[in-house]
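Residue-level listing of the chains:
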Amino acid sequence: MTGNDAVLALMVATALGFDFTNGFHDTGNAMATSIVTGALPPRVAVAVSAVLNLVGAFLSTAVAATIANGLVATGEVTLTVVCAGLTGSILWNLATWYLGIPSSSSHALIGGVIGATVAAAGFSAVKWQGLVSKVIVPAALSPFIAGAVAATGTVLVYRLTRGVPEGPRGRGFRYGQVGSASMVSLAHGTNDAQKTMGVITLALIANGTLPPGSKAPDWVILSCALAIALGTYIGGWRVIRALGKGLVEIEPPQGMAAESASAAVILSSTDFGYSLSTTHVATGSILGSGIGRTGAMVRWQLARRMVTAWLLTLPSAALAGAVAYWIANGIGGTAGVVVIFVLLVLASMAFFAASRRAAVTPDNVNAAWTGTVVPAPVKTDDQVSP
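Below is a short write-up of the structure. Bear in mind that the values here come from a model prediction, so they are computed numbers and not experimental data.

### Considering the overall build of the chain
So, step 1. Looking only at helices and strands, the chain has 13 helices and zero strands in total.
So, step 2. When the helices and strands of the chain are listed from N to C terminus, the series reads α-α-α-α-α-α-α-α-α-α-α-α-α.
So, step 3. Its C-alpha radius of gyration of 21 Å places the chain within 12% of the 21 Å reference for a compact globule of 386 residues.
So, step 4. By principal-axis analysis of the C-alpha atoms, the chain measures approximately 65 × 55 × 35 Å.
So, step 5. For the chain, the proportion of its 386 residues judged to be buried stands at 57%.
So, step 6. When contacts within the chain are restricted to residue pairs at least 6 apart in sequence, long-range pairs at least 24 apart make up 86% of them.
So, step 7. Computed over 20 positive and 14 negative side-chain charges, the inter-centroid distance for the chain is 9 Å.

Take a look at the structure:
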């Protein structure tokens, strides 16, 4: 392989790695409420979500076009820049997943690419108007819009069904949640899978493989769809637990209202080509469902922690992307890209090993919330005092 071919192969592998982390990091956006209410068993929920993410990835390429051509000057982007940007975004995804914080994979990706681009070519290489209009403004508005829709929907469903006995009402809304959660998964595929397609397309343009302004090739669409579906099937149980058990004590009517609001907002943004954070939307919807139900417990301290992570995502991923570029560029050539790729693999293995020491699994994801994403250990018969 020539130097460029080797770097391009590493870039594609890193991009698909990001897509994989995007899948398990964001599974909770679609399925957390269905899992916590018992509408779907945990393993079935992630399997359904994986299939629908796969299907959704083929339904639109508007967001991919935004990422590929709307945020940075493609003439200033090199394969090393893209690899460094992806490295920064993956590291942020892994850190927040380990902590059980549902931060935005989308903003991690955009921040990483922008940070690496600025490190390589300066601030002038960023299309700031596109960043503000297509990323920052939707990020600021979407949680409030989704929350308002979910709160309104929650109020309405409780009022319209107040004469229905609690048992039949709960069962009916659990069935409804299967449909609404499926729509969120489909919507997630139409939005989030597109972002990695856009980054790979951006790299292919930078390498001269594709002409400027090109759309994502079929092989890019297929590989990204498979990567995000596989990541979704793995299940990001730590984030699922934080969203499903940590924010609000959720009943089936709330779950259906939250999921329906999320699907509506995500699909609308995809149609306009906005690189929306599905995490912001899902979190806003869940909080809105808590506000809409009288007497619901909303844990605002955890919500503030999540918002803090949202504010830090773009600059933190940008800084990580810039540092990765400086390391790769300092070493130079293919060797520099290989070094940051190896460092990324080692860091990923470290996060995984650390997560196994206090694991969240399908078996304990619904355990009572104790103030932390890690459930309290279950005592065995030998540990119970006589």
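There is more to say after this.
### Some remarks on the packing of aromatic side chains
So, step 1. Per the counting criterion, the structure on display carries four aromatic pairs.
So, step 2. Measuring from centroid to centroid gives 6.3 Å for Phe123 and Trp128, while their planes differ by 25 degrees, and the two rings are stacked.
So, step 3. Residue class for Phe123 comes out exposed when judged on its relative accessible area of 57%.
So, step 4. Three or more aromatic residues joined by ring pairs form one cluster here, namely Phe20, Phe24 and Trp97.

### Some remarks on the pattern of salt bridges
So, step 1. For the structure shown, the criterion picks out two salt bridges.
So, step 2. Arg299 is paired through a salt bridge with Glu249; the nearest N and O atoms lie 2.8 Å apart. Residue Arg299 is found in the loop between α11 (278–292) and α12 (300–331), and its partner Glu249 is found in the loop between α9 (237–246) and α10 (252–272); the two are separated by 50 residues along the sequence.
So, step 3. Classification of Glu249 by relative accessible area gives partly exposed; the value is 30%.
So, step 4. For Arg293, the salt bridge goes to Glu251, with nearest N and O atoms at 3.5 Å. In this pair, Arg293 sits in the loop between α11 and α12 while Glu251 sits in the loop between α9 and α10, placing the two residues 42 residues apart along the sequence.
So, step 5. Since its relative accessible area comes to 15%, Arg293 is described here as buried.

### Description of the environment of Thr14
So, step 1. Assignment of secondary structure puts Thr14 in helix α1 (residues 3–37).
So, step 2. A relative accessible area of 5% means that Thr14 is categorised as buried.
So, step 3. Setting aside anything within four residues of it in sequence, one finds Thr14 in contact with Cys83, Leu86, Thr87, Ile90, Phe341 and Leu344.

### What to know about the nonpolar core
So, step 1. Counting residues in hydrophobic clusters, the biggest one holds 86 residues, and the most contacted among them are Met11, Leu86, Met197, Ile200 and Leu247.
So, step 2. Per element, the largest residue contribution to this core is 13 residues, and it comes from α1.
So, step 3. For Ile200, the contacting residues outside a window of four places in its chain are Met11, Val12, Ala15, Leu16, Trp219, Val220 and Cys224.

### Quick look at helix α5 (residues 105–121)
Turn by turn, an α-helix covers 3.6 residues, leaving residues three or four places apart pointing in a common direction.
So, step 1. The first and last C-alpha atoms of α5 sit 24 Å apart over 17 residues, in line with the 24 Å expected at 1.5 Å per residue.
So, step 2. Of all 17 residues that make up α5, 14 are buried, and the element is covered over most of its length.
So, step 3. Phi turns positive one or two residues past the end of α5, at Gly122, with a value near 90 degrees.

### What about the state of the cysteines?
So, step 1. Tallying each qualifying case throughout the model produces zero disulfides.
So, step 2. Left unpaired, Cys83 is separated from the closest cysteine sulfur, that of Cys224, by 14 Å.
So, step 3. The class of Cys224 is buried, set by a relative accessible area of 0%.

### Topic: the packing of α5 against α12
So, step 1. It is the contact of α5 with α12, at a shortest axis distance of 6 Å, that shows an interaxial angle of 45 degrees. Taken together, α5 and α12 sit at an angle that is classed as oblique. For the crossing formed where α5 meets α12, the hand is right-handed. Each of His107, Ala108, Ile110, Gly111, Gly112, Gly115, Ala116, Ala119 and Ala120 in α5 lies in contact with α12, whose residues at this interface are Thr313, Leu314, Ala317, Ala318, Gly321, Ala322, Tyr325 and Trp326.
So, step 2. Grouping the constituent residues of the contact of α5 with α12 by class yields 11 nonpolar, six polar and no charged.

Cut-offs used in this document
Residues numbered from 1 in each chain as written. Predicted model: local features only at pLDDT ≥ 70, side-chain atom pairs only at ≥ 80, totals over all residues. Heavy atoms only, no water. Helix = DSSP H or I, 4+ residues; strand = E, 2+ residues; numbered from the N terminus. Rg over C-alpha atoms; globule rule 2.2 N^0.38 Å. Buried < 20%, exposed > 50% of the residue type's maximum accessible area, 1.4 Å probe, protein only. Contact = heavy atoms within 4.5 Å. Lys, Arg positive; Asp, Glu negative; His and termini not counted. Charge placed at Lys NZ, Arg CZ, Asp CG, Glu CD. Phe/Tyr/Trp six-rings, centres within 6.5 Å; stacked < 30°, edge-to-face > 60°. Salt bridge = Lys/Arg side-chain N within 4 Å of Asp/Glu carboxyl O. Core = buried A, V, L, I, M, F, W, Y, C linked by side-chain atoms within 4.5 Å. Expected span 1.5 Å × (residues − 1). Disulfide = S-S within 2.5 Å. Axes fitted to C-alpha atoms, helices over the stretch in contact; angles between N-to-C directions. Parallel < 35°, antiparallel > 145°, perpendicular 65-115°, else oblique. Left-handed = near helix turned anticlockwise from the far one by under 90°. Nonpolar A, V, L, I, M, F, W, Y, C, P; charged D, E, K, R; others polar.

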